[in-house]
Amino acid sequence: MTLLNKKAITLAEVCVVTGIYSLFILAFYATMDIGMKSWKMGEIKGDIKSTAACVLRRMTGEIEKADDVTISISNTAGGASYICFETPVYNGEIQHASDKGSLLWQGHILYYTLIDELNREGTAKILYRRYIPHNKTSPYKSEKRLFPTLLSGIKNYIDDRTLTEEEREEGQTIKKMCNKLSIASFKELYGNVNIELTFKEHLRNSTDAKVAIESTGSDSICTETYLIKASVKAKN
């Protein structure tokens, strides 16, 4: 009987092929991981820049219409930072007295930060905007306030709770302007208000970025920080 000379794959050949295939998969995954991380960082950076620019543009526009004697500022390390000022704006327009042409002050605007309790690290802050009108009845337009004043009891207005029914009926509003805020600094120097907002995003703690960070162990690679500054002068 003649035995046929049949070729077969040996165990060594299987191991070699498996090893090469594994190296290829690892290289492919590493490349995809870097690409996903870069894409996610770019997306977050764009979101942070857009949010920061919108917030700062609104703040500076409102401060510019205020009187510098009504500006109150506080920067507390680890606590609430705030800037408060009076505004003559009602429904987007500066109000003037019909007989004298003087400004009619409508209410106080308070920007303040509080710790974001939902943040895992406990360091991120949320920036809020609260409006307290002088006229407590609808339509909340003041016709008598000719002289600018400071807001008394500012700390009583700094909280993250939902407004009561009475406060809403008085025309008060609270709006969450942005989160992921690391530092908010307000300073007044020679009549100018200097604002610095620092935003920080940790990809490691982001629930929507797991794919981009699974294969890395470095927090420094997965953090995006963005600082935006502005200086504005109250002109009224």
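Structure first, text after, so check above.
Attention in this report is confined to the structure presented alongside it.

Reading the values: rules and limits
Residues numbered from 1 in each chain as written. Predicted model: local features only at pLDDT ≥ 70, side-chain atom pairs only at ≥ 80, totals over all residues. Heavy atoms only, no water. Salt bridge = Lys/Arg side-chain N within 4 Å of Asp/Glu carboxyl O. Helix = DSSP H or I, 4+ residues; strand = E, 2+ residues; numbered from the N terminus. Buried < 20%, exposed > 50% of the residue type's maximum accessible area, 1.4 Å probe, protein only. Contact = heavy atoms within 4.5 Å. Phe/Tyr/Trp six-rings, centres within 6.5 Å; stacked < 30°, edge-to-face > 60°.

Considering the pattern of salt bridges
A side chain with one charge can pair with a side chain of the opposite charge if their charged atoms come near.
Now for step 1: Taken as a whole, this structure holds nine salt bridges when the rule is applied.
Now for step 2: In this structure, R130 and E167 form a salt bridge, with 3.3 Å as the shortest nitrogen-oxygen distance. Here R130 is found in strand β6 (residues 125-133), whereas its partner E167 is found in helix α2 (residues 165-169), with 37 residues between them in sequence.
Now for step 3: The exposure class of R130 is buried, given its relative accessible area of 0%.
Now for step 4: One network of salt bridges, with partners in common, ties together R130, D159, R161 and E167.

Considerations on the side chain of T198
Now for step 1: Note that T198 resides in strand β8 (residues 192-202).
Now for step 2: For T198, a relative accessible area of 14% gives the class buried.
Now for step 3: Sequence-distant contacts of T198, that is, excluding residues within four places in its chain, are made with K180, L181, S182, I183, T225, Y226 and L227.

A look at the packing of aromatic side chains
Now for step 1: Enumeration according to the criterion identifies two aromatic pairs in this entry.
Now for step 2: Seen in terms of ring centroids, F85 and Y111 are 6.4 Å apart; in terms of plane orientation they differ by 25°. Their pairing is stacked. With a gap of 26 residues between them, F85 in strand β2 (residues 82-87) and Y111 in strand β5 (residues 107-115) connect regions that are remote in the sequence. There is no split in this pair, since F85 and Y111 are both buried.
Now for step 3: A ring pair is formed by Y112 and Y128, whose centres lie 5.4 Å apart and whose planes are at 15°; its orientation type is stacked. One end of the pair, Y112, is in strand β5; the other, Y128, is in strand β6, with 16 residues separating them in the sequence.

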